[in-house]
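Coordinates in review
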Amino acid sequence: AEENIKLQQQLQDINLVHRDQLNSLQSSHKETLEGLNQDFKKQLRELETRIDEERGRLIHEAEQLKVQKMAEIEQTNNKMRSVEQERDQLWKSLRELQQQQNDKLRSLQPASGIARTESSATYGSFQGELYINGRQNQDQ
């Protein structure tokens with residue numbers, strides 16, 4: 001009976017030591033998990049900050065590039081308009097010169113050859129117009 005009481009006391013002591021060790025281990029484990037959770041949250045915030053900074057930088061660069069490309073497009077459009085105006089002016093000058101040439105040819109022909117000359121001049125003018133119109137159609 002005394003031995004039974006001793007064994008029961010030893011069992012209670014072992015259970016008490018086991019419970020204390022278990023509580024200590026659980027407490028340590030909980031502290032470790034809380035520390036890991038705080039580290040994770042800190043790293044997540046840092047990552048979110050870096051992502052926001054990178055997003056801001058990329059947006060700024062994209063806006064700058066857009067402004068630059070829009071300016072390049074505007075310059076190209078202005079240059080194109082200028083070249084088109086120059087082309088139109090050259091075609092107009094060419095038509096005026098052809099008209100002057102036809103008028104001069106008509107004025108230089110004797111009265112008896114007027115019908116043939118007008119026909120030739122008209123044909124030449126017609127060829128010139130075909131060339132001009134064909135050239136304009138190619139440009140368009």
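Residues numbered from 1 in each chain as written. Predicted model: local features only at pLDDT ≥ 70, side-chain atom pairs only at ≥ 80, totals over all residues. Heavy atoms only, no water.

Our focus in this paragraph is the overall build of the protein chain. A count of helical and extended segments in the protein chain gives two helices and zero strands. A burial count over the protein chain gives 5% of its 140 residues as buried. A total accessible area of about 12,600 Å² is found for the protein chain, and carbon and sulfur atoms account for 54% of it. (Helix = DSSP H or I, 4+ residues; strand = E, 2+ residues; numbered from the N terminus. Buried < 20%, exposed > 50% of the residue type's maximum accessible area, 1.4 Å probe, protein only. Areas by Shrake-Rupley, 256 points an atom, 1.4 Å probe, with all protein chains shown as cover.)

A separate point is a nonpolar patch on the surface. On the surface, a nonpolar cluster with roughly 350 Å² of combined accessible area is contributed by F40, L44, L47 and I51. Checked against the element boundaries, L47 lands in helix α1 (residues 2–108). (Patch = residues over 30% accessible without salt bridge, like charges linked within 9 Å, V, L, I, M, F, W, Y side chains within 5 Å. Salt bridge = Lys/Arg side-chain N within 4 Å of Asp/Glu carboxyl O.)

A few words now on the pattern of salt bridges. All told, the structure shown has six salt bridges when counted by the stated rule. A salt bridge links R55 to D52; its shortest N-O distance comes to 2.9 Å. In this pair, R55 and D52 are both assigned in helix α1, three residues apart and thus about one turn of the helix distant. Judged by its relative accessible area of 45%, R55 falls in the partly exposed class. Across the salt bridge formed by R106 and D103, the nearest N and O atoms sit 3.0 Å from each other. Taken as a pair, R106 and D103 lie in helix α1 at a separation of three residues, close to a single helical turn. We classify D103 as partly exposed; its relative accessible area is 37%. Overlapping salt bridges, with partners in common, bring together E54, R57 and E61 in one network.

The quantities given are spatial measurements derived from coordinates; they are silent on function.
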